[in-house]
Amino acid sequence: MNVSPDAVGVLVVVTGAVLMAAGARWRGRAARPLAPRRARALAWQAYVRALTRCADLAIDSAREAAGRGEPTIVTVEDVVRLARERFGYEEVVREHAAAALRNAYERGRCAADCVTDAYGSLR
């Protein structure tokens, strides 16, 4: 079987073009779920991740702002504000922000130097 090098080159180029066209056509399918239930679940996961990140950022920025020997004061409103500013969430449920702050507070061992309203009455 004698195959010319030109035929092999054309075959490689055509195969590559077909793979690139298929990749361009199907790109992003896994990130955009077709099922509404799966889409809502992914949106909820992104919301929880954003609130967790905002709680961590609020604690870090409050620690930096506190003077030497002063307690670090972190409020639920700080978490809500960061979620609006950094992640673009227009409506953030205060209870969700408080839960994220409580979780970050307990995970980050903040009881020694932090004060928060996440455990108080939720308005």
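A brief structural summary. (Residues numbered from 1 in each chain as written. Predicted model: local features only at pLDDT ≥ 70, side-chain atom pairs only at ≥ 80, totals over all residues. Heavy atoms only, no water.)

## Some details on a nonpolar patch on the surface
Point 1. Side chains of V10, V14 and V18 sit close together on the surface and give an oily, nonpolar patch of about 260 Å² of accessible area.
Point 2. A relative accessible area of 51% means that V10 is categorised as exposed. (Patch = residues over 30% accessible without salt bridge, like charges linked within 9 Å, V, L, I, M, F, W, Y side chains within 5 Å. Areas by Shrake-Rupley, 256 points an atom, 1.4 Å probe, with all protein chains shown as cover. Salt bridge = Lys/Arg side-chain N within 4 Å of Asp/Glu carboxyl O. Buried < 20%, exposed > 50% of the residue type's maximum accessible area, 1.4 Å probe, protein only.)

## Focus on helix α3 (residues 76-87)
Point 1. Here α3 contains 12 residues, and its C-alpha end-to-end distance of 16 Å stays within 8% of the 16 Å for a straight helix at 1.5 Å per residue.
Point 2. V76, V79, V80, L82 and A83 are the residues of α3 that are buried. Within α3, the buried residues cover an arc of 165 degrees as seen down the axis, which keeps them to one side.
Point 3. Of the surrounding elements, those touching the buried residues of α3 are α2 (36-65), β1 (72-74) and α4 (94-107). (Helix = DSSP H or I, 4+ residues; strand = E, 2+ residues; numbered from the N terminus. Expected span 1.5 Å × (residues − 1). Arc of directions from axis to C-beta. Contact = heavy atoms within 4.5 Å.)

## Thoughts on the nonpolar core
Point 1. In this structure, L51, V76, V79, V92 and L101 are the most contacted members of the largest nonpolar core, which totals 24 residues.
Point 2. Elements with a minimum of two residues in this core: α2, α3 and α4.
Point 3. The residues touching V92, leaving out its near neighbours within four places in the chain, are Y47, L51, V80, A83 and A97. (Core = buried A, V, L, I, M, F, W, Y, C linked by side-chain atoms within 4.5 Å.)

## Comments concerning the side chain of T116
Point 1. Its place among the elements puts T116 in strand β2 (residues 114-116).
Point 2. Of the residues examined, T116 reaches a relative accessible area of 17% and is grouped as buried.
Point 3. Among the polar contacts listed, one links the side chain of T116 to the backbone oxygen of V74, at a separation of 3.0 Å.
Point 4. Sequence-distant contacts of T116, defined by excluding residues within four places in its chain, comprise V74, L101 and Y105. (Polar contact = N/O pair within 3.5 Å; in protein donor to acceptor, adjacent residues only side chain to side chain.)

## Focus: the environment of E77
Point 1. Summarising the element assignment, E77 is placed in helix α3.
Point 2. Residues E77 and D117, spaced 40 residues apart in sequence, show a C-alpha to C-alpha distance of 9.3 Å.

## A few points about the packing of α2 against α4
Point 1. Viewed as axis vectors pointing N to C, α2 and α4 meet at an angle of 55 degrees, and their least axial separation amounts to 8 Å. Relative to α4, α2 is oriented oblique. Considering how the two elements wind past one another, α2 and α4 form a crossing that is right-handed. Contact with α2, carried on its side by W44, Y47, L51, T52, A55, D56 and I59, involves H96, A97, A100, L101, A104, Y105 and R107 of α4 and no other residues of that element.
Point 2. In terms of residue class, the contact of α2 with α4 is made up of 10 nonpolar, two polar and two charged. (Axes fitted to C-alpha atoms, helices over the stretch in contact; angles between N-to-C directions. Parallel < 35°, antiparallel > 145°, perpendicular 65-115°, else oblique. Left-handed = near helix turned anticlockwise from the far one by under 90°. Nonpolar A, V, L, I, M, F, W, Y, C, P; charged D, E, K, R; others polar.)

## Quick notes on the packing of aromatic side chains
Point 1. Going through the model one piece at a time under the given rule, you end up with three aromatic pairs.
Point 2. Judged by centre distance (5.3 Å) and plane angle (80 degrees), the ring pair of Y47 and Y89 falls under edge-to-face. With Y47 in helix α2 and Y89 in the loop between α3 and α4, this pair connects stretches of sequence that are 42 residues apart.
Point 3. When the ring of Y105 is compared with that of Y119, the centres are 5.7 Å apart and the planes differ by 70 degrees; the resulting orientation is edge-to-face. Here Y105, found in helix α4, pairs with Y119, found in the segment after β2; they are 14 residues apart in sequence, far enough to count as distant.
Point 4. A relative accessible area of 13% means that Y105 is categorised as buried.
Point 5. Judged by its relative accessible area of 42%, Y119 is partly exposed.
Point 6. Taken together, the aromatic side chains of W44, Y47 and Y89 make up a single cluster linked through ring pairs. (Phe/Tyr/Trp six-rings, centres within 6.5 Å; stacked < 30°, edge-to-face > 60°.)

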